Amino acid sequence: EPSNTYVKVVYGQPYKRDREIFGDLVPYGEVWRTGANEATELTTTNDIVFAGQELTAGTYTLFSIPREGPQWTVILNSELGQWGSFDYSDSSDVLRADVPAMDKQATTEAFTVQFGELEQDSTNIVMQWDQKVVKIPVEFVSSSNTNSP
């Protein structure tokens, strides 16, 4: 049976506005709210595999650590309702994972979080801003592991 999982990402949308984004406005190697204003939140109605790690259904704050190289670290944290990353505490981290980060030619003016194409039981959460694309693989666990007749 296919999964009936609903995944939602709520985020503030900052704009580039001719600014140097990564390595300047958003420093490398530091925890970022992954958007503007309130920290970004991810909700899943069923258990999923998020960036290769099992994640229990629920709502989490999504932080990231941008890096210059080909990987960023993504963090899911259980403290909700945070403003930015000012009160971030790694003691509330639920998971941390490294995910692929790529440079692209075109510039994305507004930070966007979208879901890639659904293939079988998996997709990617695709984050884009400026000339950076970051992909978080997500797998859906089917509702039953037994084959229906």
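Bear in mind the structure is a predicted one, so any value in this text is a computation, not a measurement.

Helices and strands together make up the secondary structure of the chain, namely 0 helices and 8 strands. Start at the N end of the chain and walk to the C end: the helices and strands fall as β-β-β-β-β-β-β-β. Whereas a compact globule of 149 residues would reach a radius of gyration of roughly 15 Å, the chain reaches 16 Å, a difference of no more than 12%. Taking the principal axes of the C-alpha coordinates as reference, the chain spans close to 60 × 35 × 25 Å. Going through the 149 residues of the chain one by one, you find that 42% of them count as buried. The long-range share in the chain, meaning contacts at least 24 apart out of those at least 6 apart in sequence, stands at 57%.

With that settled, the discussion passes to the packing of aromatic side chains. Taken as a whole and assessed by the stated rule, the structure comprises 9 aromatic pairs. Taking the centre distance of 5.9 Å and the plane angle of 85° together, the rings of F22 and W32 count as edge-to-face. Placement of F22 in the loop between β1 (7–12) and β2 (36–44) and of W32 in the loop between β1 and β2 is noted, with a sequence separation of 10 residues between them. For the pair F22 and W32, a shared accessibility class is recorded, and that class is buried. Arranged with centres 6.0 Å apart and planes meeting at 5°, the rings of W32 and W129 form a pair that is stacked. Within this pair, whereas W32 is found in the loop between β1 and β2, its partner W129 is found in strand β8 (residues 122–140), the two being separated by 97 residues in sequence. An aromatic cluster is built from Y11, F22, W32, W72, F111 and W129, whose rings are joined through pairwise contacts.

Turning next to the nonpolar core. Counting 29 residues, the largest nonpolar core has F50, L55, W72, V74, I125, M127 and I136 as its most contacted members. Going through the elements one at a time, β1, β3 (48–50), β5 (58–65), β6 (71–77), β7 (93–115) and β8 are the ones with two or more residues in this core. In terms of residue count, the dominant contributor to this core is β8 (7 residues). Counting 5 residues, the second largest nonpolar core, distinct from the first, contains A39, F63, I65 and I75.

Right, let's talk about unusual backbone geometry for a bit. Despite not being glycine, R17 has its phi angle at roughly 45°, a positive value. Among the residues examined, R17 registers a relative accessible area of 57% and is labelled exposed. The backbone phi angle of T34 is positive, close to 60°, even though this residue is not glycine. You can see T34 is positioned in the loop between β1 and β2.

Looking now at the environment of D87. When you line up the elements, D87 lands in the loop between β6 and β7. It is 29 Å that separates the C-alpha atoms of D87 and D18, two residues lying 69 residues apart in sequence.

How each quantity is defined
Residues numbered from 1 in each chain as written. Predicted model: local features only at pLDDT ≥ 70, side-chain atom pairs only at ≥ 80, totals over all residues. Heavy atoms only, no water. Helix = DSSP H or I, 4+ residues; strand = E, 2+ residues; numbered from the N terminus. Rg over C-alpha atoms; globule rule 2.2 N^0.38 Å. Buried < 20%, exposed > 50% of the residue type's maximum accessible area, 1.4 Å probe, protein only. Contact = heavy atoms within 4.5 Å. Phe/Tyr/Trp six-rings, centres within 6.5 Å; stacked < 30°, edge-to-face > 60°. Core = buried A, V, L, I, M, F, W, Y, C linked by side-chain atoms within 4.5 Å.

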